[in-house]
Amino acid sequence: MADLNLQEIQETLISVVREAGRMIMSANPTDIATGTKLNSADIVTETDKAVETLVSSRLSKAYPSFAFIGEETYKPGMQVTAAPTFIVDPIDGTTNFVHGLPEACVSLGFAIDRVPAVGVVYNPYQDKLYTAIRGQGAFLTLGAAWGLEGGKGRVSKLPLSKNPAPLAGLDTCLVAAEWGSTRDGVNYDVKTEVFRKLCASKETGGAMVHSIRSLGSAALNLCAVAAGQLDVYWEGGCWAWDVCAAWAILREAGGIMASGNPGDWEPAIDSRKYLAVRGAPAGQREIVEEFWKVIGDGRMEYES
Ligand code: IPD
């Protein structure tokens, strides 16, 4: 696989997300058909499906020999293999899309040996394009579709700060976490207890984080951690297509990904339990260990 042209793959993915972004912006969520999958909080729209059709047809034409896994065409039992694979979410943040909240994106990842190698995440509402290629850094391009900088957009290397501060403890962190669509059982119990403990005062045994944010899109949460705007992101329940692209961006921005359950420093791409920490000159592993202590004996049990 050494001869794969990752730059060319990234260019293709950028061209596809731009087209997909125009499709999303021209959809009026109040007029489009909306359905549900596992339950009433697990939403899919005809735009999710139409964007995935566009993405898969463009990618299969450009790279017919590569595998493809997309959220809307996934069938139980499909596995991410070691083969070069596009792993895509046509709209990550579908709930926001349906409500007209401008935090949704097209998330196109490319993995080799089950490791993210190229990531392209595009929020068309804010014209924010996050990109990364393995070993070549991560970037945010702002405003290209709006004509900024002669149409090239304003490009910033990630993380946005040239001198990111060391991580000094969870009580200095802004943490992202999501409720997801599972609202009962052990996974819901673990989440509610961890949320409570993260925010609680030190005097009551809590971690006293600055606060918790939920952008409503795993990919955008991860990109914000890559940018250094959020310090930590923890989630159980999301899928490989929610994290593949942004994981490449996080890693290239100096961030790390551990498991959302304690004890595993090398989570698999499809493990469905993730803990991301921003790039920092010191303190990353200590934050993971402190977070795992907050989880304590709780274990999320999402099946991969
Ligand atoms: C969802 C979002 C959400 C996360 C869920 C995902 P979707 O993806 O990423 O933030 O909490 O686990 O399923 O359904 O909007 O593509």
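Brief notes about the site of the ligand
- Around the ligand lies a shell of 14 residues, among which Asp89, Asp92, Gly93, Thr94 and Glu235 are the nearest.
- The separation between an oxygen atom of the ligand and a polar side-chain atom of Asp92 is 2.7 Å.
- At a separation of 3.2 Å, an oxygen atom of the ligand approaches a polar backbone atom of Ser217.
- In the complex, the protein chains occlude 87% of the 380 Å² of accessible area that the ligand would expose alone.
- Partitioned by chemical class, the residues of the shell around the ligand number three nonpolar, five polar and six charged.
- Two domains share the shell around the ligand, each providing at least three of its residues, namely domain 1 (6-157) and domain 2 (170-295).

A short note on the environment of Arg251
- Within the fold, Arg251 resides in helix α6 (residues 240-252).
- The class for Arg251 is partly exposed, based on a relative accessible area of 27%.
- When the C-alpha atoms of Arg251 and Thr45 are compared, they prove to be 31 Å apart, with 206 residues separating the residues in sequence.
- Discounting chain neighbours no more than four positions away, the residues touching Arg251 are Val115, Pro116, Ala117 and Arg134.
- Here Glu252 takes part through its side chain, which lies 3.4 Å from a polar atom of the side chain of Arg251.

Let's talk about the sheet that holds strand β5 (residues 105-112)
- Taken together, the seven strands give an open sheet; going across it, the order is β3-β4-β5-β6-β7-β8-β9, and neighbouring strands pair in mixed fashion. Both outer strands of the open sheet, β3 (67-70) and β9 (154-158), are each paired with one neighbouring strand and no more. Going from strand to strand, the sheet's axes swing by 20° on average, the running direction of each strand aside.
- Sheet topology places β3 next to strand β4 (residues 85-92); four bridges connect them, and they run parallel.

Section: unusual backbone geometry
- Of the consecutive residues Leu158 and Pro159, the connecting peptide bond is found in the cis state with omega at 0°.
- Inspection of the secondary structure assignment puts Pro159 in the loop between β9 and β10 (174-177).

A word on the domain arrangement of the chain
- Taken domain by domain, the chain consists of domain 1 (6-157) and domain 2 (170-295).
- Of note, the centres of domain 1 and domain 2, computed from C-alpha atoms alone, are 22 Å apart.
- Taken together, the contact pairs 41 residues of domain 1 with 25 residues of domain 2.
- Here domain 1 meets domain 2 over a buried area of about 2400 Å², counting both sides, of which 65% is carbon and sulfur.
- It is Arg114, Pro116 and Tyr130 in domain 1 that bury the most area against domain 2; as a group they hold 23% of the surface buried on that side.
- For the interface between domain 1 and domain 2, the tally reads one salt bridge.
- Where Asp270 meets Arg114, a salt bridge forms, and the shortest distance between an N and an O atom there is 2.9 Å.
- Remark: the boundary between domain 1 and domain 2 carries ten residue pairs in polar contact (both at pLDDT 80 or more).
- Of all the secondary structure elements, the ones that give two or more residues to the side of domain 1 that touches domain 2 are β3, β4, β5, β6 (115-123) and β7 (128-133).
- By residue number, the principal contributor to the side of domain 1 that touches domain 2 is β6, which donates eight residues.
- When its residues are assigned to classes, the side of domain 1 that touches domain 2 shows 21 nonpolar, 13 polar and seven charged.

A closer look at the packing of aromatic side chains
- For the coordinates displayed, the defined rule picks out 14 aromatic pairs.
- Aromatic pair Phe66 and Phe86: ring centres 5.8 Å apart, planes at 50°, arrangement tilted. Taken as a pair, Phe66 in the loop between α2 (46-62) and β3 and Phe86 in strand β4 lie far apart in primary sequence, 20 residues in all.
- Classification of Phe86 as buried rests on a relative accessible area of 2%.
- Taken together, a centroid distance of 5.1 Å and an interplanar angle of 45° make the contact between Phe86 and Phe110 tilted. Taken as a pair, Phe86 in strand β4 and Phe110 in strand β5 lie far apart in primary sequence, 24 residues in all. Exposure class is identical for Phe86 and Phe110. Each is buried.
- Taken together, the ring pairs in this structure connect Trp179, Tyr188, Phe195, Trp234 and Phe291 into an aromatic cluster.
- Taking NZ or CZ as reference, Arg285 lies 3.7 Å from the ring centre of Trp265, over its face.

Analysis parameters
Residues numbered from 1 in each chain as written. Predicted model: local features only at pLDDT ≥ 70, side-chain atom pairs only at ≥ 80, totals over all residues. Heavy atoms only, no water. Near = heavy atom within 4 Å. Polar contact = N/O pair within 3.5 Å; in protein donor to acceptor, adjacent residues only side chain to side chain. Areas by Shrake-Rupley, 256 points an atom, 1.4 Å probe, with all protein chains shown as cover. Nonpolar A, V, L, I, M, F, W, Y, C, P; charged D, E, K, R; others polar. Domains from an automatic or database assignment. Helix = DSSP H or I, 4+ residues; strand = E, 2+ residues; numbered from the N terminus. Buried < 20%, exposed > 50% of the residue type's maximum accessible area, 1.4 Å probe, protein only. Contact = heavy atoms within 4.5 Å. Pairing = 2+ DSSP bridges. Axes fitted to C-alpha atoms, helices over the stretch in contact; angles between N-to-C directions. Buried area = accessible area lost by both parts, 1.4 Å probe. Salt bridge = Lys/Arg side-chain N within 4 Å of Asp/Glu carboxyl O. Phe/Tyr/Trp six-rings, centres within 6.5 Å; stacked < 30°, edge-to-face > 60°. Lys NZ or Arg CZ within 6 Å of the ring centre and 35° of its normal.

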